[in-house]
2 protein chains.
Amino acid sequence: MTESIRIIVPFLGLFGLACAWFIYTRIRRLPAGEGEISDIADQIHNGAMVFMKREFKILLVFAALVGAILWFKDHFESMAFFLGAASSGVAGFIGMYSATKANVRTTIAAYNKGAQEALRTAFFGGTIMGLTVASMGLIGVGGLFVFFGDSEHDIHIIHGFAMGASLVAIFFRVGGGIFTKAADVGADLVGKLESGIPEDDPRNPGVIADNVGDNVGDVAGMGSDLFESYCNAQIASMAIAATMTSGMVSEIAESSYSLMFLPLALTSSGLICSLLGMIVVRVAANMEPAKALRSGTISATVIFIIVAYFVMQALGVSNMVWMCVLAGSFGGTIIGLATEYYTGGQPMRDIAKSSQTGVATVMISGLATGMQSVVVPVLTVAGILMLTSTLAGLYGVGIAAVGMLSTIGITMSIDAYGPIADNAGGIAEMAGLGKRTRDITDSLDEVGNTTAAIGKGFAIGAAALASLAIIAAYVNVVRAKHEEFSLELSDPTVLTGVFIGGILPFLVSSITMNAVGSAAAEMIEEIRRQFREIPGLLDGNAKPDSARCIDIATEAAIRKMFLPAAIAVLSPVVVGLTFGPATLGGMLVGALLGCVLMALLMANAGGAWDNAKKYIEQGHFGGKNSPSHRACVVGDTVGDPLKDTSGPSMNILINVMAIVALVIAPLL
Amino acid sequence: MTESIRIIVPFLGLFGLACAWFIYTRIRRLPAGEGEISDIADQIHNGAMVFMKREFKILLVFAALVGAILWFKDHFESMAFFLGAASSGVAGFIGMYSATKANVRTTIAAYNKGAQEALRTAFFGGTIMGLTVASMGLIGVGGLFVFFGDSEHDIHIIHGFAMGASLVAIFFRVGGGIFTKAADVGADLVGKLESGIPEDDPRNPGVIADNVGDNVGDVAGMGSDLFESYCNAQIASMAIAATMTSGMVSEIAESSYSLMFLPLALTSSGLICSLLGMIVVRVAANMEPAKALRSGTISATVIFIIVAYFVMQALGVSNMVWMCVLAGSFGGTIIGLATEYYTGGQPMRDIAKSSQTGVATVMISGLATGMQSVVVPVLTVAGILMLTSTLAGLYGVGIAAVGMLSTIGITMSIDAYGPIADNAGGIAEMAGLGKRTRDITDSLDEVGNTTAAIGKGFAIGAAALASLAIIAAYVNVVRAKHEEFSLELSDPTVLTGVFIGGILPFLVSSITMNAVGSAAAEMIEEIRRQFREIPGLLDGNAKPDSARCIDIATEAAIRKMFLPAAIAVLSPVVVGLTFGPATLGGMLVGALLGCVLMALLMANAGGAWDNAKKYIEQGHFGGKNSPSHRACVVGDTVGDPLKDTSGPSMNILINVMAIVALVIAPLL
């Protein structure tokens with residue numbers, strides 16, 4: 001029965017794409033403003049497209065290179081690699097294309113019709129990304145499974161897909177992260193601090209680039225990040241299932257095939273549950289924005305957990321495995337709540353309070369908060385690991401990750417909602433649509449900030465579990481070749497790998513932080529030049545050359561994303577070929593630990609600084625423009641590259657390294 | 001032959017103490033100033049003693065508790081524990097007592113006789129600490145070896161000594177670190193920024209506490225830190241030797257006994273070489289201070305390496321083991337040079353340059369520098385691990401650590417020289433001895449800052465290798481009981497431990513940073529109160545109540561050091577008893593990785609910020625009181641708790657956890 005049913009998966013993916021297309025046509029039909037408004041929106045849209053085009057060009061070269069090398073290993077695996085890269089690229093392109101159409105329509109909806117309609121527009125603008133990401137995964141992984149899922153020996157071909165997705169992700173995440181923060185920091189430092197003009201002021205030449213950056217970083221970057229974890233979790237679970245002994249299989253399922261197919265069955269169900277969740281949001285749009293979005297996610301998750309139970313019954317898989325799904329979903333929620341607490345609760349207010357004694361104490365308390373914030377999420381990941389591996393071995397760990405990511409359709413929609421709402425506010429400000437409109441977009445944006453913080457925590461947790469599963473698959477693949485292979489920690493070969501791995505997150509973070517710094521410096525120079533050389537710019541009598549700023553950010557991002565990408569792809573190859581599979585295995589674990597810790601530290605410190613600034617702007621500790629506020633603005637500026645560039649790169653770094661290791665494992 | 005020769009070791013220790021006593025009497029005879037000068041010096045000395053006394057009291061309770069529990073495991077081990085704690089305590093007390101006598105004599109020497117005599121006084125003031133640390137180690141470890149070195153079954157008794165030393169170290173390092181930075185940050189924020197009076201101004205009520213803090217943190221804290229690594233490295237090597245099979249022994253030595261005795265033979269030679277190095281410094285004191293100190297260390301190290309060769313020949317130990325000593329010494333030098341580069345080279349100047357665009361860029365570039373600075377030292381540790389374990393198994397790793405630490409007599413002397421020179425400058429300033437004296441002490445202090453940075457890098461490297469050796473010993477001890485015991489990384493039980501271990505450095509750093517923050521806030525309140533309530537204080541017509549400030553810092557340090565100490569001691573016990581030895585082993589490795597990375601990040605970012613500020617004060621980028629300078633002052637303030645409180649705690653955290661694990665290993 002199950003062998004023939006698998007053909008449904010890619011078709012379900014096509015159905016998901018059709019839904020996305022349907023939503024897109026509906027959004028396109030909404031009024032998009034005219035005159036200045038539509039002009040601003042076009043600039044943002046075109047800027048994003050310029051960046052995409054340039055990024056795709058460099059990506060093509062890099063992918064061709066890697067794919068060609070892979071060709072010598074296995075033709076099919078190489079083709080799967082290109083398919084993975086293309087899927088991620090297409091998802092990112094579609095998502096960003098629609099987000100930059102939905103942003104201005106959200107502004108107009110807020111202006112013409114009010115909060116409820118604006119929320120719907122922004123959210124459904126985001127669902128196009130959510131649905132595309134989920135669907136491309138089903139089409140790609142599901143399609144490959146149709147062709148190569150019968151034989152446990154062919155399953156490695158699908159690894160190529162994961163590697164393609166990972167490669168695109170590191171370019172999108174790192175490149176997008178550098179772009180967005182270079183533009184943001186540059187525009188803020190000159191605009192707010194030097195020229196004394198407010199945020200999103202149309203006179204500032206960097207403002208359009210800043211808005212482009214939100215799409216490039218938070219839509220395309222985040223999407224490729226989650227897409228990668230989503231595919232990796234499924235593919236790793238399949239790989240673990242393929243290498244399990246029949247004794248191990250019989251403990252938790254009727255057949256090895258059931259276990260290999262289960263991840264796809266879960267993500268397929270997850271897509272349908274996400275669609276149901278979207279309907280809930282639509283119906284609930286008259287509630288507070290935060291509540292509306294939350295009820296969508298919660299109902300999708302609850303339905304998914306119930307459906308998963310019956311899916312497993314149908315596939316003859318043990319309840320133990322279902323409990324792994326439960327653990328993944330539950331763990332994801334805990335991590336999200338912990339993130340919310342540290343970036344929005346008492347620790348954030350303590351940072352705001354510390355601003356009364358100046359910048360130094362803001363920095364110290366923010367760093368301390370970031371460090372403390374790793375405890376609960378990492379313990380949660382460790383708990384999931386312990387529990388699920390007891391329930392169903394390492395396969396259970398993979399399924400927990402799959403469970404956490406199955407409802408990606410709706411979680412990614414909410415992630416993409418954030419930058420759309422943010423953009424909508426920016427457009428309202430630049431076009432001078434007045435306080436009422438701005439208040440609506442601000443309330444949507446505020447919710448977006450919270451969802452972004454939670455989404456980041458969730459992405460880190462998911463990436464950690466996904467790479468744990470890939471590392472487990474790596475060990476199994478190596479062990480299939482060398483029976484005595486072990487990652488014994490007291491073996492100096494392994495321990496050396498752990499040390500090398502631990503360095504990499506620090507090195508990559510340092511590189512990306514410096515990249516933002518130097519790109520922002522170029523941006524600052526250019527903005528200063530325009531204020532100096534374009535007559536009448538500050539008085540509003542002349543237009544800034546926004547395109548030039550977009551160009552600079554694009555140029556810098558493309559130039560600087562190369563080194564981190566090369567480190568991620570090459571370090572497993574170099575270490576594996578030089579020191580062997582044991583050192584490589586140790587390196588993956590060291591890198592995983594370092595990446596998770598640094599990702600949480602940076603995301604949460606940055607998020608807490610950001611919110612502390614906003615908390616003060618609400619009137620606490622002296623309010624806007626007080627010395628406390630100025631201290632917190634510095635905190636926010638420092639946090640920007642941490643939370644939006646270096647931190648998010650960590651997820652991809654470990655996933656890329658792990659998947660490269662898995663692909664080269666048979667050669668070691 | 002060798003069995004009877006071991007009695008020499010503790011006597012050599014007594015000889016070292018005699019040398020220290022001799023130097024102390026010579027220093028006491030130097031002029032100590034009179035009137036105001038001697039009054040200031042007495043305040044510092046008495047403040048340090050007050051802190052010590054209070055710290056000893058709380059330590060006594062904690063040690064009695066731990067010792068009592070240990071009593072049930074093994075009476076002798078419990079006694080060894082008390083001996084270890086007492087040795088570290090005595091070393092710290094003697095070192096701090098003499099440092100607070102040498103500081104004022106250095107000031108007077110600079111005032112009366114000039115740079116050469118001042119350098120000698122400061123350096124020989126430091127040698128008392130250096131010699132005491134080395135000697136107490138020989139007396140303690142050597143003495144226990146005389147009694148328990150014959151049987152491989154009794155050798156575990158000596159572990160108690162290491163645990164005692166570690167327990168004292170965590171109290172001294174954490175408590176001292178909180179004291180010194182609470183006082184420093186408090187005095188600076190109110191004095192320099194609010195009241196506009198210069199550093200070390202006698203009107204500032206926090207200045208005496210600040211000077212006390214230098215002794216408490218950098219003399220006693222650093223001393224207990226190195227003492228612990230020094231003893232741990234020796235004891236771990238013995239433990240590894242004791243559990244080696246005769247086959248493994250025969251590959252590198254004539255007998256297992258030779259291998260057990262070798263660490264003591266090396267440290268004994270190291271003491272003599274350190275004494276020779278001190279003579280070199282004395283003779284070279286007419287050179288530049290930096291050169292004089294360096295020639296002392298280099299000659300001690302070179303002589304030691306040569307002597308070590310002959311020691312091994314005499315003990316019938318293979319040349320392979322000698323090469324491990326070489327690797328340790330060479331590696332230590334590389335780590336020191338890397339530290340010097342990041343805190344004093346181009347990266348530091350880049351931070352200074354980034355101050356032109358404000359505080360935010362100073363913070364970002366400093367953090368990025370700290371992150372990047374982990375690469376070379378960690379690769380060096382990994383390289384030493386790989387090389388020495390190939391040469392002589394895990395025993396080689398232990399011996400590399402012993403080799404690195406054998407010349408502790410002179411390296412610790414130079415570490416203690418720093419705060420003495422710093423204090424001398426403070427006293428000169430407070431007593432108003434004029435620019436000429438201040439210039440001399442400043443030049444000595446500057447060298448002290450560089451040596452402190454290098455010393456910190458060295459301490460981290462040594463601690464990392466020492467705990468690697470203890471972890472190896474732990475694995476061997478557990479394996480002696482459970483033959484099939486393994487730390488297989490793909491085993492979720494082990495991996496969970498790695499995650500838990502990785503959290504701890506972040507948690508402890510966060511706690512200690514917050515401790516400094518809140519203690520500094522109390523200090524600030526008190527200093528503000530005194531300026532407000534003591535009439536005539538700011539005009540110099542009234543004396544500040546310095547004792548009250550010392551009291552506050554003491555109180556805060558003692559209160560706040562409890563939690564980190566409890567985490568360090570209890571986490572291995574709780575994890576070991578709950579999840580078993582495999583999870584505990586994983587935890588140690590995760591904690592080791594995290595501690596080393598965070599220690600380097602914090603020490604080097606802090607050091608680089610500190611020096612960037614000084615670089616600007618030399619006239620670059622606008623010089624003193626420019627906006628650039630103000631930005632760097634913030635960087636320095638943020639770096640203070642990182643480099644002097646949280647960072648150094650990392651070394652001890654991992655060592656305490658590892659030694660506790662080793663001690664409880666037979667019970668698991």
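Remember, predicted model here, so these are calculated numbers, not experimental data.

### A word on the overall build of chain A
Each helix and strand counted, chain A has 21 helices and zero strands in total. Seen through its C-alpha atoms, chain A measures out along the principal axes to roughly 75 × 50 × 45 Å. In chain A, the share of contacts with a sequence separation of at least 24, taken over all contacts with a separation of at least 6, comes to 86%.

### Remarks on the environment of Arg548(A)
Examined against the element boundaries, Arg548(A) turns out to sit in helix 18 (residues 546-560). Judged by local crowding, Arg548(A) falls into the partly exposed class, with 16 C-beta atoms found within 10 Å.

### Quick notes on the interface of chain A and chain B
Each partner contributes to the interface: chain A provides 57 residues, whereas chain B provides 57 residues. At the level of elements, helix 13 (359-372), helix 14 (375-405), helix 16 (435-481), helix 17 (492-533), helix 20 (581-617) and helix 21 (627-664) of chain A are the ones that each hand at least two residues to the side of chain A that touches chain B. The element contributing the most residues to the side of chain A that touches chain B is helix 17 of chain A, with 17 residues.

### Topic: the relation of the copies chain A and chain B
Mapping chain A onto chain B calls for a rotation angle of 180 degrees and an axial translation of 0.0 Å; the resulting RMSD is 0.0 Å. Both copies are brought into coincidence by an operation consistent with a two-fold rotation axis. Residue Glu488(A), judged by its C-alpha, is the member of chain A lying nearest the rotation axis, at 2.2 Å. When you check the interface residues of chain A against chain B, 100% turn up at the interface there too, and the contact is symmetric in its surfaces.

### Brief notes about the environment of Glu526(B)
Residues and elements named next belong to chain B. Following the sequence through the fold, Glu526 ends up in helix 17 (residues 492-533). According to the C-beta neighbour criterion, Glu526 is buried, with 21 such atoms within 10 Å. On a C-alpha basis, the gap between Glu526 and Val447 in space is 33 Å, while along the polypeptide they are 79 residues apart. Once you skip the residues sitting within four places of it in the chain, Glu526 turns out to touch Arg548, Cys549 and Ile552.

### Examining the packing of helix 12 (residues 346-354) of chain A against helix 20 of chain A
All names here are of chain A. Relative orientation of the contacting elements helix 12 and helix 20 amounts to 65 degrees, with a least axis distance of 8 Å. Where helix 12 crosses over helix 20, the two elements pack in a sense that is right-handed. Contacts between helix 12 and helix 20 involve Pro347, Met348, Arg349, Ile351 and Ala352 from the first element and Ala608, Trp609, Asn611, Ala612, Tyr615 and Ile616 from the second. By residue class, the composition of the contact of helix 12 with helix 20 is nine nonpolar, one polar and one charged.

### Some words on the confidence of the model for chain A
Residue and element names in this part refer to chain A. For chain A, mean pLDDT is 91; residues scoring 70 or higher make up 100% of the total. At the low end of the mean pLDDT range in chain A sits helix 1 (residues 2-5), at 72; at the high end sits helix 2 (residues 8-29), at 96. Scoring of the predicted complex yields 0.94 for pTM and 0.93 for ipTM.

### Observations concerning the environment of Leu653(A)
All names here are of chain A. Inspection of the secondary structure puts Leu653 in helix 21. Counting along the chain gives 86 residues from Leu653 to Ile567, while the straight-line C-alpha distance between them is 8.7 Å. Sequence-distant contacts of Leu653, defined by excluding residues within four places in its chain, comprise Leu504, Pro505, Val508, Ala568 and Cys595.

### So, helix 12 of chain A
All names here are of chain A. Among the residues making up helix 12, those that are buried are Pro347, Met348, Ile351, Ala352 and Ser354. Along the long axis of helix 12, the arc covered by the buried residues comes to 165 degrees, so they all point the same way. Contacts from the buried residues of helix 12 go to helix 11 (319-344), helix 13, helix 20 and helix 21.

### Notes on the nonpolar core
One finds Leu465(A) and Leu465(B) to be the most contacted residues of the largest nonpolar core, which totals 544 residues. Those residues in contact with Leu465(A), other than ones at most four positions away along the chain, are Ala233(A), Gly328(A), Val381(A), Ile384(A), Val397(A), Ala400(A), Ala401(A) and Met404(A).

### Here we look at unusual backbone geometry
Leaving glycine out, the prevailing phi sign among residues is negative, and the prevailing peptide bond configuration is trans. Its identity as a non-glycine residue notwithstanding, Phe621(A) has a phi of 50 degrees, on the positive side. Residue placement: Phe621(A) occurs in the loop between helix 20 and helix 21. You will see that Asn625(B), though not glycine, has its phi angle at about 70 degrees, which is positive. Considering the arrangement of structural elements, one finds Asn625(B) in the loop between helix 20 (581-617) and helix 21 (627-664).

### Quick look at the packing of helix 3 (residues 36-73) of chain A against helix 15 (residues 408-431) of chain A
Residues and elements named next belong to chain A. Contact geometry of helix 3 with helix 15 gives a least axis separation of 9 Å together with a crossing angle of 135 degrees. With respect to their mutual orientation, helix 3 and helix 15 come out oblique. In terms of crossing hand, the pair formed by helix 3 and helix 15 is right-handed. Between helix 3 and helix 15, the residues in contact are Glu36, Ile37, Ile40, Ala41 and Ile44 and Asn423, Ile427, Met430 and Ala431, respectively. A class-by-class count of the residues in the contact of helix 3 with helix 15 yields seven nonpolar, one polar and one charged.

Rules used in this analysis
Residue numbering note: each chain is counted from 1, following its sequence as written. Going through the entries in the order they are written, you letter the chains from A and number the ligands from 1. For a predicted model such as this one, the threshold for reporting local features is a pLDDT of at least 70, and the threshold for listing and counting side-chain atom pairs is 80 or more; totals across whole chains, interfaces and linings nevertheless cover every residue. In this text, helices come from DSSP runs of H or I with a minimum length of four residues, and strands from runs of E with a minimum of two, each type numbered from the N-terminal end. Contact between residues is assigned whenever the C-beta positions, reconstructed from backbone atoms, fall within 7 Å. Once C-beta atoms are placed from the backbone, each residue is buried if 20 or more other C-beta atoms lie within 10 Å of its own, exposed if 12 or fewer, and partly exposed for counts between those two. Least squares is used to superpose the copies, and the fit set is the C-alpha atoms of residues whose pLDDT is at least 70 in both copies. Think of each axis as a best-fit line through the C-alpha atoms, taken over the contacting stretch in the case of a helix, with angles from 0 to 180 degrees between the N-to-C directions. Less than a right angle of anticlockwise turn of the near helix away from the far helix marks a crossing as left-handed, whereas a clockwise turn marks it as right-handed. Classes in brief: Ala, Val, Leu, Ile, Met, Phe, Trp, Tyr, Cys and Pro nonpolar; Asp, Glu, Lys and Arg charged; the others, Gly included, polar. Along the chain, pLDDT gives the predictor's confidence residue by residue, from 0 to 100. Working note: the arc is built from the helix axis to C-beta atom directions. Nonpolar core, as used here: buried Ala, Val, Leu, Ile, Met, Phe, Trp, Tyr and Cys residues forming one set through C-beta atoms within 7 Å. Comment on the angle field: the value is read as roughly parallel under 35 degrees, roughly antiparallel over 145, roughly perpendicular from 65 to 115, and oblique elsewhere.

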